[in-house]
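Listed below, chain by chain, are the residues.
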Amino acid sequence: MAELRFTFPWRKLEFGFVICLLVLFPITKSEQVSGVCSVAYGESEGCSSSSKILIKGGTVVNAHHQEVADVYVEDGIIVSVQPNINVGDDVKVIDATGKYVMPGGIDPHTHLATEFIVSETVDDFFSGQAGALAGGTTMNINFVLPVDGSLTAGFEEFAEKAKTSCMDYGFHMAITKWDETVEKEMEIMVKEKGINSFKFFLAYKEALMINDELLVRGLKKCKSLGALPMVHAENGDAIAEAQLEMIDLGITGPEGHALSRPAVLEGEATARAIRLAAFVNTPIYVVHVMSIDAMEEIAKARKAGQRVIGEPIAAGLVLNESGIFDPSFTVAAMNLMSPPIRKAGHDKALQGALATGVLQLVGTDHCSFNSTQKALGIDDFRMVPNGVNGIEERMHLVWNTMVESGLITPPDYVRITSTECAKIFNIYPRKGAILAGSDADIIILNPKASFEISAATHHTKSDTNVFEGQRGKGKVEVTIAGGKVVWEGGELKVVPGSGRYIELPPFSYLFDGIDKLDAKYKSSLGAPVQRFKAST
Ligand code: URP
Ligand code: ZN
Ligand code: ZN
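Given the structure is predicted, the values throughout are model-derived calculations rather than measurements.

Undergrad: Mind showing me how you'd approach the layout of surface pockets here?
TA: Unfilled space is identified by rolling a water-sized probe across the atoms. What the second largest pocket holds in volume is close to 410 Å³. Along its surface, the second largest pocket is lined by 19 residues, and Tyr204, Lys205, Gln243, Arg261 and Arg382 are the ones closest to its centre. Residue contributions to the lining of the second largest pocket peak at five residues, all from helix 5 (residues 236-248). Among the residues making up the lining of the second largest pocket, the classes are represented as twelve nonpolar, four polar and three charged.

This is the structure we're talking about:
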(Lines give C-alpha, C1' and ligand atoms only; values in the text may rest on other atoms or scores of the structure.)
(Ligands and ions follow the chains in the order given, each with its own letter.)
Protein backbone atom coordinates (compact mmCIF):
# COMPACT_ATOMS: atom_id res chain seq x y z
CA MET A 1 0.00 0.00 0.00
CA ALA A 2 1.25 3.49 -0.82
CA GLU A 3 2.17 6.03 1.86
CA LEU A 4 0.61 9.48 1.77
CA ARG A 5 1.68 12.54 3.68
CA PHE A 6 -1.28 13.88 5.55
CA THR A 7 -1.83 16.76 7.90
CA PHE A 8 -3.66 15.91 11.08
CA PRO A 9 -6.47 18.49 10.98
CA TRP A 10 -5.46 20.68 13.89
CA ARG A 11 -1.71 20.31 13.73
CA LYS A 12 0.92 21.67 11.39
CA LEU A 13 2.85 18.41 11.54
CA GLU A 14 2.56 15.77 8.90
CA PHE A 15 2.05 12.10 9.54
CA GLY A 16 2.42 8.96 7.54
CA PHE A 17 -0.85 7.55 6.31
CA VAL A 18 -1.72 4.24 4.75
CA ILE A 19 -3.80 4.61 1.60
CA CYS A 20 -6.79 2.44 2.53
CA LEU A 21 -8.41 5.73 3.58
CA LEU A 22 -11.98 6.15 2.44
CA VAL A 23 -13.14 8.73 4.93
CA LEU A 24 -11.37 12.03 4.58
CA PHE A 25 -11.79 14.40 7.44
CA PRO A 26 -11.91 17.96 6.08
CA ILE A 27 -8.70 19.83 6.70
CA THR A 28 -10.09 23.15 7.73
CA LYS A 29 -7.97 24.11 10.71
CA SER A 30 -4.33 24.19 11.47
CA GLU A 31 -4.38 25.91 14.76
CA GLN A 32 -1.16 25.12 16.50
CA VAL A 33 1.98 23.07 16.60
CA SER A 34 1.91 20.69 19.50
CA GLY A 35 4.59 18.13 19.36
CA VAL A 36 4.99 14.75 17.86
CA CYS A 37 2.36 12.11 17.71
CA SER A 38 1.78 9.45 15.19
CA VAL A 39 -1.70 9.22 13.81
CA ALA A 40 -3.12 7.23 10.96
CA TYR A 41 -6.67 7.33 9.79
CA GLY A 42 -8.12 4.18 8.35
CA GLU A 43 -11.52 3.08 7.22
CA SER A 44 -12.52 0.29 9.55
CA GLU A 45 -12.86 -2.34 6.84
CA GLY A 46 -9.95 -3.20 4.63
CA CYS A 47 -7.18 -1.68 6.77
CA SER A 48 -4.77 -3.64 8.89
CA SER A 49 -7.04 -3.48 11.94
CA SER A 50 -8.21 -7.03 12.60
CA SER A 51 -11.69 -7.74 13.86
CA LYS A 52 -10.32 -10.73 15.79
CA ILE A 53 -8.00 -9.97 18.68
CA LEU A 54 -6.51 -12.09 21.43
CA ILE A 55 -5.04 -10.33 24.46
CA LYS A 56 -2.74 -12.85 26.10
CA GLY A 57 -1.54 -13.30 29.65
CA GLY A 58 -2.57 -10.03 31.25
CA THR A 59 -4.26 -9.45 34.59
CA VAL A 60 -7.89 -8.93 33.66
CA VAL A 61 -9.46 -6.45 36.06
CA ASN A 62 -13.16 -5.95 36.65
CA ALA A 63 -14.73 -3.95 39.47
CA HIS A 64 -15.58 -7.19 41.29
CA HIS A 65 -12.56 -9.35 40.58
CA GLN A 66 -9.14 -9.65 38.98
CA GLU A 67 -7.45 -12.73 37.48
CA VAL A 68 -4.74 -13.66 35.01
CA ALA A 69 -6.56 -14.64 31.81
CA ASP A 70 -6.72 -14.21 28.04
CA VAL A 71 -9.40 -12.08 26.39
CA TYR A 72 -10.69 -13.00 22.95
CA VAL A 73 -12.53 -10.37 20.89
CA GLU A 74 -14.44 -10.79 17.65
CA ASP A 75 -16.49 -8.23 15.71
CA GLY A 76 -16.49 -5.65 18.47
CA ILE A 77 -17.62 -7.98 21.24
CA ILE A 78 -15.72 -9.81 23.98
CA VAL A 79 -16.28 -13.48 23.20
CA SER A 80 -14.33 -15.20 25.94
CA VAL A 81 -12.32 -14.46 29.09
CA GLN A 82 -10.32 -17.45 30.35
CA PRO A 83 -6.76 -18.76 30.62
CA ASN A 84 -4.95 -20.25 27.63
CA ILE A 85 -7.23 -19.43 24.70
CA ASN A 86 -5.91 -20.85 21.39
CA VAL A 87 -6.60 -19.08 18.12
CA GLY A 88 -5.79 -19.30 14.42
CA ASP A 89 -3.41 -17.24 12.28
CA ASP A 90 -6.06 -14.70 11.31
CA VAL A 91 -6.16 -13.31 14.85
CA LYS A 92 -4.09 -10.35 16.03
CA VAL A 93 -2.36 -11.38 19.26
CA ILE A 94 -1.33 -8.79 21.86
CA ASP A 95 0.96 -9.87 24.68
CA ALA A 96 -0.22 -8.29 27.96
CA THR A 97 2.06 -10.20 30.35
CA GLY A 98 2.75 -8.10 33.46
CA LYS A 99 0.09 -5.57 32.45
CA TYR A 100 -3.51 -4.81 33.42
CA VAL A 101 -6.34 -5.47 30.97
CA MET A 102 -9.28 -3.28 31.97
CA PRO A 103 -12.53 -1.86 30.63
CA GLY A 104 -12.01 1.37 28.70
CA GLY A 105 -12.72 4.47 30.73
CA ILE A 106 -16.11 6.13 30.54
CA ASP A 107 -16.04 9.86 31.09
CA PRO A 108 -19.42 10.88 32.55
CA HIS A 109 -18.92 14.61 32.10
CA THR A 110 -17.71 16.35 28.93
CA HIS A 111 -18.53 19.46 26.91
CA LEU A 112 -17.35 18.76 23.36
CA ALA A 113 -18.45 21.12 20.56
CA THR A 114 -20.31 23.32 23.00
CA GLU A 115 -21.08 27.03 22.68
CA PHE A 116 -20.61 27.91 26.33
CA ILE A 117 -21.78 31.44 27.20
CA VAL A 118 -18.91 33.39 25.63
CA SER A 119 -17.17 30.96 23.29
CA GLU A 120 -17.31 27.53 21.62
CA THR A 121 -15.15 24.81 23.16
CA VAL A 122 -12.04 24.13 21.12
CA ASP A 123 -12.50 20.35 21.04
CA ASP A 124 -15.19 18.94 18.80
CA PHE A 125 -16.33 15.32 19.09
CA PHE A 126 -13.53 14.04 16.87
CA SER A 127 -10.59 15.84 18.47
CA GLY A 128 -11.84 15.36 22.03
CA GLN A 129 -12.47 11.68 21.51
CA ALA A 130 -9.16 11.16 19.69
CA GLY A 131 -7.47 12.49 22.82
CA ALA A 132 -9.70 10.34 25.01
CA LEU A 133 -8.70 7.18 23.15
CA ALA A 134 -5.00 8.01 23.46
CA GLY A 135 -5.58 8.31 27.20
CA GLY A 136 -7.61 5.12 27.68
CA THR A 137 -11.17 6.47 27.64
CA THR A 138 -13.47 4.74 25.16
CA MET A 139 -16.82 6.41 25.83
CA ASN A 140 -17.98 9.85 26.96
CA ILE A 141 -21.32 11.29 27.97
CA ASN A 142 -21.57 14.81 26.64
CA PHE A 143 -23.89 17.55 27.80
CA VAL A 144 -26.44 18.82 25.29
CA LEU A 145 -27.52 22.43 25.78
CA PRO A 146 -31.01 23.34 24.59
CA VAL A 147 -31.26 25.84 21.71
CA ASP A 148 -33.37 28.81 22.85
CA GLY A 149 -34.83 26.54 25.51
CA SER A 150 -35.77 23.83 22.99
CA LEU A 151 -34.58 20.37 23.96
CA THR A 152 -35.44 18.94 20.56
CA ALA A 153 -33.41 21.57 18.71
CA GLY A 154 -30.53 21.04 21.16
CA PHE A 155 -30.63 17.29 20.62
CA GLU A 156 -30.65 17.66 16.84
CA GLU A 157 -27.76 20.11 16.92
CA PHE A 158 -25.59 17.82 19.03
CA ALA A 159 -26.61 14.68 17.09
CA GLU A 160 -25.29 16.46 13.98
CA LYS A 161 -22.08 17.60 15.69
CA ALA A 162 -21.45 14.10 17.02
CA LYS A 163 -21.41 12.56 13.54
CA THR A 164 -17.61 12.87 13.50
CA SER A 165 -17.30 10.71 16.63
CA CYS A 166 -14.53 8.15 16.72
CA MET A 167 -15.70 6.40 19.89
CA ASP A 168 -19.05 5.59 21.49
CA TYR A 169 -20.88 8.38 23.28
CA GLY A 170 -24.11 9.23 25.07
CA PHE A 171 -25.87 12.46 25.98
CA HIS A 172 -27.08 14.26 29.10
CA MET A 173 -29.47 17.20 28.56
CA ALA A 174 -29.46 20.54 30.42
CA ILE A 175 -32.72 22.15 31.52
CA THR A 176 -32.53 25.94 31.47
CA LYS A 177 -36.18 27.02 31.52
CA TRP A 178 -39.56 25.56 32.41
CA ASP A 179 -42.87 25.35 30.58
CA GLU A 180 -45.24 22.68 29.27
CA THR A 181 -43.19 22.23 26.12
CA VAL A 182 -40.02 21.54 28.09
CA GLU A 183 -41.91 19.00 30.23
CA LYS A 184 -43.18 17.21 27.10
CA GLU A 185 -39.74 17.33 25.48
CA MET A 186 -38.18 15.76 28.59
CA GLU A 187 -40.52 12.84 28.06
CA ILE A 188 -39.55 12.57 24.40
CA MET A 189 -35.85 12.73 25.27
CA VAL A 190 -36.21 9.82 27.69
CA LYS A 191 -38.70 7.67 25.81
CA GLU A 192 -37.46 8.20 22.24
CA LYS A 193 -33.98 9.72 22.24
CA GLY A 194 -31.97 7.68 24.72
CA ILE A 195 -31.35 10.37 27.34
CA ASN A 196 -31.69 9.36 31.00
CA SER A 197 -30.26 12.37 32.86
CA PHE A 198 -30.94 16.11 33.03
CA LYS A 199 -28.61 18.77 34.42
CA PHE A 200 -29.78 21.78 36.41
CA PHE A 201 -27.42 24.72 36.86
CA LEU A 202 -27.72 26.52 40.20
CA ALA A 203 -25.11 29.01 38.98
CA TYR A 204 -24.36 31.09 35.83
CA LYS A 205 -26.96 33.75 36.64
CA GLU A 206 -28.69 35.29 33.64
CA ALA A 207 -27.38 32.51 31.44
CA LEU A 208 -28.13 28.92 32.45
CA MET A 209 -29.15 29.28 36.11
CA ILE A 210 -32.54 28.05 37.30
CA ASN A 211 -34.34 28.84 40.59
CA ASP A 212 -35.58 26.49 43.32
CA GLU A 213 -39.11 26.40 41.92
CA LEU A 214 -37.81 25.08 38.61
CA LEU A 215 -35.45 22.69 40.38
CA VAL A 216 -38.29 21.12 42.39
CA ARG A 217 -40.45 20.77 39.27
CA GLY A 218 -37.50 19.33 37.39
CA LEU A 219 -36.71 16.85 40.16
CA LYS A 220 -40.31 15.64 40.18
CA LYS A 221 -40.40 15.27 36.41
CA CYS A 222 -37.09 13.40 36.40
CA LYS A 223 -38.38 11.04 39.07
CA SER A 224 -41.55 10.27 37.11
CA LEU A 225 -39.45 9.45 34.01
CA GLY A 226 -36.78 7.42 35.81
CA ALA A 227 -34.20 9.99 34.71
CA LEU A 228 -31.35 11.07 36.94
CA PRO A 229 -31.24 14.77 37.91
CA MET A 230 -27.73 16.23 37.95
CA VAL A 231 -26.81 19.54 39.58
CA HIS A 232 -24.12 22.13 39.11
CA ALA A 233 -24.15 23.17 42.75
CA GLU A 234 -23.02 26.74 43.42
CA ASN A 235 -25.17 29.63 44.65
CA GLY A 236 -25.41 31.81 41.53
CA ASP A 237 -27.12 34.78 43.23
CA ALA A 238 -24.41 35.07 45.89
CA ILE A 239 -21.69 34.66 43.25
CA ALA A 240 -23.14 37.54 41.20
CA GLU A 241 -22.94 39.79 44.30
CA ALA A 242 -19.40 38.66 45.08
CA GLN A 243 -18.29 39.30 41.50
CA LEU A 244 -19.42 42.93 41.76
CA GLU A 245 -17.50 43.26 45.01
CA MET A 246 -14.34 41.95 43.32
CA ILE A 247 -14.66 44.47 40.52
CA ASP A 248 -15.24 47.26 43.12
CA LEU A 249 -12.03 46.15 44.83
CA GLY A 250 -10.17 46.39 41.52
CA ILE A 251 -9.69 42.60 41.34
CA THR A 252 -10.25 41.97 37.64
CA GLY A 253 -7.78 39.07 37.10
CA PRO A 254 -8.66 35.34 37.12
CA GLU A 255 -8.14 35.13 40.90
CA GLY A 256 -11.31 37.25 41.20
CA HIS A 257 -13.17 34.24 39.79
CA ALA A 258 -11.96 31.95 42.60
CA LEU A 259 -12.48 34.59 45.28
CA SER A 260 -16.07 35.25 44.20
CA ARG A 261 -16.96 31.54 44.30
CA PRO A 262 -15.84 30.37 47.77
CA ALA A 263 -16.37 26.77 48.87
CA VAL A 264 -19.15 27.83 51.24
CA LEU A 265 -21.32 28.69 48.21
CA GLU A 266 -20.67 25.25 46.74
CA GLY A 267 -21.53 23.66 50.09
CA GLU A 268 -24.74 25.67 50.38
CA ALA A 269 -26.01 24.78 46.91
CA THR A 270 -25.02 21.13 47.30
CA ALA A 271 -26.92 20.92 50.60
CA ARG A 272 -29.95 22.67 49.08
CA ALA A 273 -30.08 20.42 46.04
CA ILE A 274 -29.65 17.29 48.15
CA ARG A 275 -32.39 18.35 50.57
CA LEU A 276 -34.78 19.16 47.73
CA ALA A 277 -34.05 15.73 46.23
CA ALA A 278 -34.84 14.19 49.63
CA PHE A 279 -38.07 16.19 49.73
CA VAL A 280 -39.04 14.78 46.32
CA ASN A 281 -37.57 11.33 47.17
CA THR A 282 -35.48 11.04 44.03
CA PRO A 283 -31.84 10.08 43.46
CA ILE A 284 -29.54 12.98 42.61
CA TYR A 285 -26.07 13.29 41.02
CA VAL A 286 -23.78 16.17 42.01
CA VAL A 287 -21.37 16.98 39.17
CA HIS A 288 -17.84 18.34 39.62
CA VAL A 289 -17.57 18.12 43.42
CA MET A 290 -14.62 20.45 44.06
CA SER A 291 -14.62 21.11 47.82
CA ILE A 292 -14.66 19.49 51.23
CA ASP A 293 -17.81 21.54 51.90
CA ALA A 294 -19.77 19.87 49.08
CA MET A 295 -18.25 16.44 49.72
CA GLU A 296 -19.28 16.54 53.39
CA GLU A 297 -22.88 17.32 52.44
CA ILE A 298 -22.86 14.26 50.19
CA ALA A 299 -21.30 12.13 52.94
CA LYS A 300 -23.94 13.24 55.45
CA ALA A 301 -26.84 12.50 53.11
CA ARG A 302 -25.49 9.10 52.08
CA LYS A 303 -24.97 8.18 55.73
CA ALA A 304 -28.63 8.98 56.29
CA GLY A 305 -29.52 6.58 53.47
CA GLN A 306 -30.15 9.08 50.69
CA ARG A 307 -29.25 8.15 47.10
CA VAL A 308 -26.71 10.80 46.24
CA ILE A 309 -23.93 10.33 43.71
CA GLY A 310 -20.86 12.57 43.93
CA GLU A 311 -18.53 13.08 40.98
CA PRO A 312 -15.11 14.65 41.55
CA ILE A 313 -13.12 15.50 38.43
CA ALA A 314 -9.48 14.95 37.51
CA ALA A 315 -8.59 18.64 38.02
CA GLY A 316 -10.15 18.74 41.49
CA LEU A 317 -8.24 15.61 42.55
CA VAL A 318 -4.75 16.66 41.52
CA LEU A 319 -4.58 20.47 41.29
CA ASN A 320 -4.97 23.35 43.71
CA GLU A 321 -5.76 27.05 43.48
CA SER A 322 -2.13 28.13 43.09
CA GLY A 323 -2.73 27.93 39.33
CA ILE A 324 -5.34 30.66 39.26
CA PHE A 325 -3.09 32.92 41.38
CA ASP A 326 -0.20 32.45 38.94
CA PRO A 327 1.36 35.77 37.78
CA SER A 328 0.97 34.67 34.15
CA PHE A 329 -2.53 35.51 32.86
CA THR A 330 -2.38 32.56 30.46
CA VAL A 331 -1.65 30.07 33.25
CA ALA A 332 -4.21 31.63 35.59
CA ALA A 333 -6.95 31.70 32.93
CA MET A 334 -6.14 28.12 31.91
CA ASN A 335 -6.95 27.09 35.51
CA LEU A 336 -10.26 28.96 35.59
CA MET A 337 -13.34 26.76 35.89
CA SER A 338 -16.53 26.56 37.95
CA PRO A 339 -16.68 25.62 40.76
CA PRO A 340 -13.07 26.76 41.11
CA ILE A 341 -10.12 24.49 41.77
CA ARG A 342 -9.74 24.84 45.56
CA LYS A 343 -6.94 25.46 48.05
CA ALA A 344 -4.49 22.62 48.68
CA GLY A 345 -6.12 20.18 51.08
CA HIS A 346 -9.42 19.90 49.22
CA ASP A 347 -7.68 17.71 46.60
CA LYS A 348 -6.47 15.20 49.22
CA ALA A 349 -9.86 15.18 50.95
CA LEU A 350 -11.59 14.40 47.64
CA GLN A 351 -9.12 11.58 47.01
CA GLY A 352 -9.93 10.15 50.43
CA ALA A 353 -13.66 10.43 49.80
CA LEU A 354 -13.25 8.60 46.50
CA ALA A 355 -11.17 5.87 48.12
CA THR A 356 -13.78 5.27 50.83
CA GLY A 357 -16.89 5.34 48.62
CA VAL A 358 -18.24 8.71 49.75
CA LEU A 359 -17.74 9.81 46.12
CA GLN A 360 -18.41 7.22 43.46
CA LEU A 361 -16.88 8.00 40.06
CA VAL A 362 -14.46 10.38 38.37
CA GLY A 363 -15.30 12.69 35.48
CA THR A 364 -13.33 15.44 33.78
CA ASP A 365 -15.76 18.25 32.91
CA HIS A 366 -13.60 18.50 29.77
CA CYS A 367 -14.57 21.98 28.53
CA SER A 368 -11.45 23.14 26.80
CA PHE A 369 -10.67 26.63 25.50
CA ASN A 370 -7.36 27.74 24.03
CA SER A 371 -5.30 30.68 25.28
CA THR A 372 -6.79 33.05 22.67
CA GLN A 373 -10.31 32.22 23.82
CA LYS A 374 -9.32 32.54 27.49
CA ALA A 375 -7.87 35.99 26.69
CA LEU A 376 -11.41 37.26 26.06
CA GLY A 377 -11.30 37.95 29.80
CA ILE A 378 -7.91 39.66 29.96
CA ASP A 379 -9.50 42.77 31.51
CA ASP A 380 -12.37 41.12 33.38
CA PHE A 381 -12.38 37.61 34.84
CA ARG A 382 -16.13 37.37 34.19
CA MET A 383 -15.38 37.15 30.47
CA VAL A 384 -12.90 34.25 30.69
CA PRO A 385 -14.58 31.12 29.29
CA ASN A 386 -14.99 28.64 32.15
CA GLY A 387 -13.44 25.23 31.83
CA VAL A 388 -10.41 22.95 31.84
CA ASN A 389 -9.28 19.87 29.91
CA GLY A 390 -9.04 16.29 31.20
CA ILE A 391 -10.62 13.81 28.78
CA GLU A 392 -7.18 12.58 27.67
CA GLU A 393 -5.48 12.81 31.07
CA ARG A 394 -8.04 11.37 33.53
CA MET A 395 -7.14 7.68 33.33
CA HIS A 396 -3.42 8.31 33.86
CA LEU A 397 -3.90 10.85 36.64
CA VAL A 398 -6.36 8.67 38.54
CA TRP A 399 -4.14 5.59 38.27
CA ASN A 400 -1.10 7.49 39.50
CA THR A 401 -2.89 9.42 42.26
CA MET A 402 -5.11 6.63 43.53
CA VAL A 403 -3.58 3.24 42.66
CA GLU A 404 0.14 3.92 42.38
CA SER A 405 -0.06 5.83 45.68
CA GLY A 406 -1.72 2.83 47.36
CA LEU A 407 -5.05 4.50 48.11
CA ILE A 408 -7.11 2.01 46.08
CA THR A 409 -6.77 -1.31 44.26
CA PRO A 410 -6.99 -1.94 40.48
CA PRO A 411 -10.61 -3.23 40.80
CA ASP A 412 -11.49 0.01 42.62
CA TYR A 413 -9.87 1.92 39.76
CA VAL A 414 -12.06 0.12 37.24
CA ARG A 415 -15.11 0.89 39.36
CA ILE A 416 -14.48 4.65 39.64
CA THR A 417 -13.34 5.19 36.04
CA SER A 418 -15.76 2.92 34.19
CA THR A 419 -18.08 0.42 35.91
CA GLU A 420 -19.91 2.79 38.25
CA CYS A 421 -20.61 5.16 35.39
CA ALA A 422 -21.98 2.29 33.28
CA LYS A 423 -24.24 1.26 36.17
CA ILE A 424 -25.48 4.77 36.98
CA PHE A 425 -26.33 5.46 33.34
CA ASN A 426 -27.78 1.96 32.89
CA ILE A 427 -25.53 0.42 30.26
CA TYR A 428 -23.77 -2.16 32.44
CA PRO A 429 -22.52 -4.82 31.61
CA ARG A 430 -22.53 -3.84 27.93
CA LYS A 431 -20.01 -1.21 29.02
CA GLY A 432 -17.79 -1.07 32.11
CA ALA A 433 -16.81 -4.75 32.19
CA ILE A 434 -14.48 -7.31 30.65
CA LEU A 435 -17.04 -10.08 30.37
CA ALA A 436 -18.16 -12.35 27.54
CA GLY A 437 -20.85 -10.41 25.68
CA SER A 438 -19.62 -6.94 26.68
CA ASP A 439 -18.54 -4.39 24.07
CA ALA A 440 -14.84 -4.72 23.29
CA ASP A 441 -13.76 -1.38 24.79
CA ILE A 442 -10.53 -2.40 26.46
CA ILE A 443 -7.29 -0.85 27.67
CA ILE A 444 -3.94 -2.37 28.49
CA LEU A 445 -2.08 -0.43 31.16
CA ASN A 446 1.57 -1.01 31.95
CA PRO A 447 2.06 -0.19 35.65
CA LYS A 448 5.84 0.08 35.19
CA ALA A 449 5.77 2.61 32.36
CA SER A 450 5.63 6.36 32.97
CA PHE A 451 3.59 9.20 31.52
CA GLU A 452 4.20 12.91 31.30
CA ILE A 453 1.53 15.42 30.31
CA SER A 454 2.16 18.36 28.02
CA ALA A 455 0.30 20.51 25.50
CA ALA A 456 3.24 19.73 23.21
CA THR A 457 2.29 16.06 23.03
CA HIS A 458 -1.41 15.78 23.83
CA HIS A 459 -3.91 14.90 21.08
CA THR A 460 -6.68 17.34 21.92
CA LYS A 461 -6.71 20.79 20.36
CA SER A 462 -5.85 23.41 22.94
CA ASP A 463 -2.45 25.08 22.98
CA THR A 464 -2.39 24.73 26.78
CA ASN A 465 -2.89 21.86 29.21
CA VAL A 466 -3.96 22.49 32.80
CA PHE A 467 -1.94 19.40 33.85
CA GLU A 468 1.24 20.59 32.08
CA GLY A 469 4.31 18.85 33.53
CA GLN A 470 2.41 16.30 35.63
CA ARG A 471 4.12 12.94 35.43
CA GLY A 472 3.65 9.59 37.04
CA LYS A 473 3.51 5.81 36.77
CA GLY A 474 1.02 3.70 34.82
CA LYS A 475 0.70 4.15 31.07
CA VAL A 476 -2.14 3.12 28.78
CA GLU A 477 -0.20 1.35 26.02
CA VAL A 478 -3.12 -0.07 24.05
CA THR A 479 -6.71 1.10 23.59
CA ILE A 480 -9.28 -1.06 21.83
CA ALA A 481 -12.57 0.68 21.03
CA GLY A 482 -15.49 -1.12 19.42
CA GLY A 483 -13.22 -4.10 18.85
CA LYS A 484 -10.53 -2.17 16.93
CA VAL A 485 -7.05 -1.32 18.13
CA VAL A 486 -7.06 2.47 17.99
CA TRP A 487 -4.00 3.25 20.15
CA GLU A 488 -0.83 1.16 20.19
CA GLY A 489 2.86 1.95 20.25
CA GLY A 490 2.11 5.66 20.54
CA GLU A 491 0.09 5.56 17.29
CA LEU A 492 -3.51 6.68 17.10
CA LYS A 493 -5.74 5.22 14.38
CA VAL A 494 -9.08 6.93 14.50
CA VAL A 495 -11.95 7.02 12.05
CA PRO A 496 -14.42 9.91 12.09
CA GLY A 497 -17.93 8.48 12.14
CA SER A 498 -16.95 5.15 13.71
CA GLY A 499 -18.31 6.09 17.15
CA ARG A 500 -21.88 5.04 17.92
CA TYR A 501 -24.56 6.88 19.83
CA ILE A 502 -25.37 4.75 22.87
CA GLU A 503 -28.94 5.16 24.09
CA LEU A 504 -29.12 5.32 27.87
CA PRO A 505 -32.27 3.66 29.22
CA PRO A 506 -34.21 5.14 32.18
CA PHE A 507 -34.73 3.59 35.62
CA SER A 508 -31.19 2.62 36.57
CA TYR A 509 -30.55 0.75 39.83
CA LEU A 510 -30.75 4.09 41.65
CA PHE A 511 -34.52 3.99 41.19
CA ASP A 512 -35.00 0.48 42.61
CA GLY A 513 -37.31 0.62 45.61
CA ILE A 514 -38.15 4.33 45.27
CA ASP A 515 -41.83 3.35 44.84
CA LYS A 516 -41.71 1.40 48.11
CA LEU A 517 -40.23 4.40 49.92
CA ASP A 518 -43.00 6.58 48.46
CA ALA A 519 -45.65 4.13 49.64
CA LYS A 520 -44.11 4.03 53.13
CA TYR A 521 -44.08 7.82 53.25
CA LYS A 522 -47.74 8.04 52.19
CA SER A 523 -48.82 5.46 54.75
CA SER A 524 -46.94 7.34 57.48
CA LEU A 525 -48.80 10.61 56.91
CA GLY A 526 -51.76 9.88 59.16
CA ALA A 527 -53.82 12.03 56.81
CA PRO A 528 -56.39 12.88 55.72
CA VAL A 529 -57.73 12.76 59.28
CA GLN A 530 -61.24 11.29 59.42
CA ARG A 531 -63.38 13.84 61.34
CA PHE A 532 -66.88 13.46 62.66
CA LYS A 533 -69.36 16.11 61.77
CA ALA A 534 -70.38 17.93 64.96
CA SER A 535 -74.01 16.92 65.82
CA THR A 536 -76.42 19.77 66.41
O1 URP B 1 -16.18 25.61 34.29
C2 URP B 1 -16.88 24.69 33.90
N3 URP B 1 -17.22 23.75 34.75
N4 URP B 1 -17.28 24.66 32.62
C5 URP B 1 -18.16 23.70 32.05
C6 URP B 1 -19.58 23.95 32.36
C7 URP B 1 -20.00 23.38 33.67
O8 URP B 1 -20.39 24.11 34.55
O9 URP B 1 -19.96 22.16 33.84
ZN1 ZN C 1 -21.24 22.61 35.79
ZN1 ZN D 1 -19.50 20.55 33.10
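There's more to say after this.
Undergrad: Help me out: how do you make sense of the site of ligand 1 in this one?
TA: In the vicinity of ligand 1, 14 residues are found, and the nearest of them are Lys199, Tyr204, His232, Ser338 and Asp365. With respect to ligand 1, the side chain of Tyr204 contributes an N or O atom lying 2.7 Å from an oxygen atom. Separating a nitrogen atom of ligand 1 from a backbone N or O atom of Asn386 is a distance of 3.3 Å. In isolation ligand 1 exposes 270 Å². Once the protein is present, 100% of that is buried. Here ligand 1 occupies the largest cavity. Classifying every residue of the shell around ligand 1 by side-chain character gives five nonpolar, seven polar and two charged.

Undergrad: How should the coordination of the zinc ion (ligand 3) be read in this particular structure?
TA: Coordination angles at a metal have ideal targets, namely 109.5 degrees for four tetrahedral donors and 90 or 180 degrees for six octahedral donors. Every protein donor of the zinc ion (ligand 3) is accounted for by His109 (NE2), His111 (NE2) and Asp365 (OD), and the metal-donor separations fall at 1.9 to 2.1 Å. Around the zinc ion (ligand 3) sit four donor atoms, and with donor-metal-donor angles ranging over 87 to 137° the site reads as irregular. Considered as a linear motif, the donors of the zinc ion (ligand 3) on their single chain read H-x1-H-x253-D. The distance between the zinc ion (ligand 3) and the zinc ion (ligand 2) comes to 3.8 Å. Among the residues examined, His109 registers a relative accessible area of 0% and is labelled buried. Look at His111 and you get buried, because its relative accessible area is 5%.

Cut-offs applied
Residues numbered from 1 in each chain as written. Chains lettered and ligands numbered in written order. Predicted model: local features only at pLDDT ≥ 70, side-chain atom pairs only at ≥ 80, totals over all residues. Heavy atoms only, no water. 1 Å grid on protein atoms, 1.4 Å probe; cavity = no way out; pocket = protein on both sides within 12 Å on 5 of 7 lines; lining within 4 Å. Points joined across faces, edges and corners; volume = space filled by probe spheres on them. Helix = DSSP H or I, 4+ residues; strand = E, 2+ residues; numbered from the N terminus. Nonpolar A, V, L, I, M, F, W, Y, C, P; charged D, E, K, R; others polar. Near = heavy atom within 4 Å. Polar contact = N/O pair within 3.5 Å; in protein donor to acceptor, adjacent residues only side chain to side chain. Areas by Shrake-Rupley, 256 points an atom, 1.4 Å probe, with all protein chains shown as cover. Sits in = over half its atoms within 2 Å of the grid points. Donors = N, O, S within 2.8 Å, 3.2 Å for Na, K, Ca; no water. Tetrahedral: all angles 85-135°; square planar, octahedral: opposite > 155°, others 65-115°. Buried < 20%, exposed > 50% of the residue type's maximum accessible area, 1.4 Å probe, protein only.

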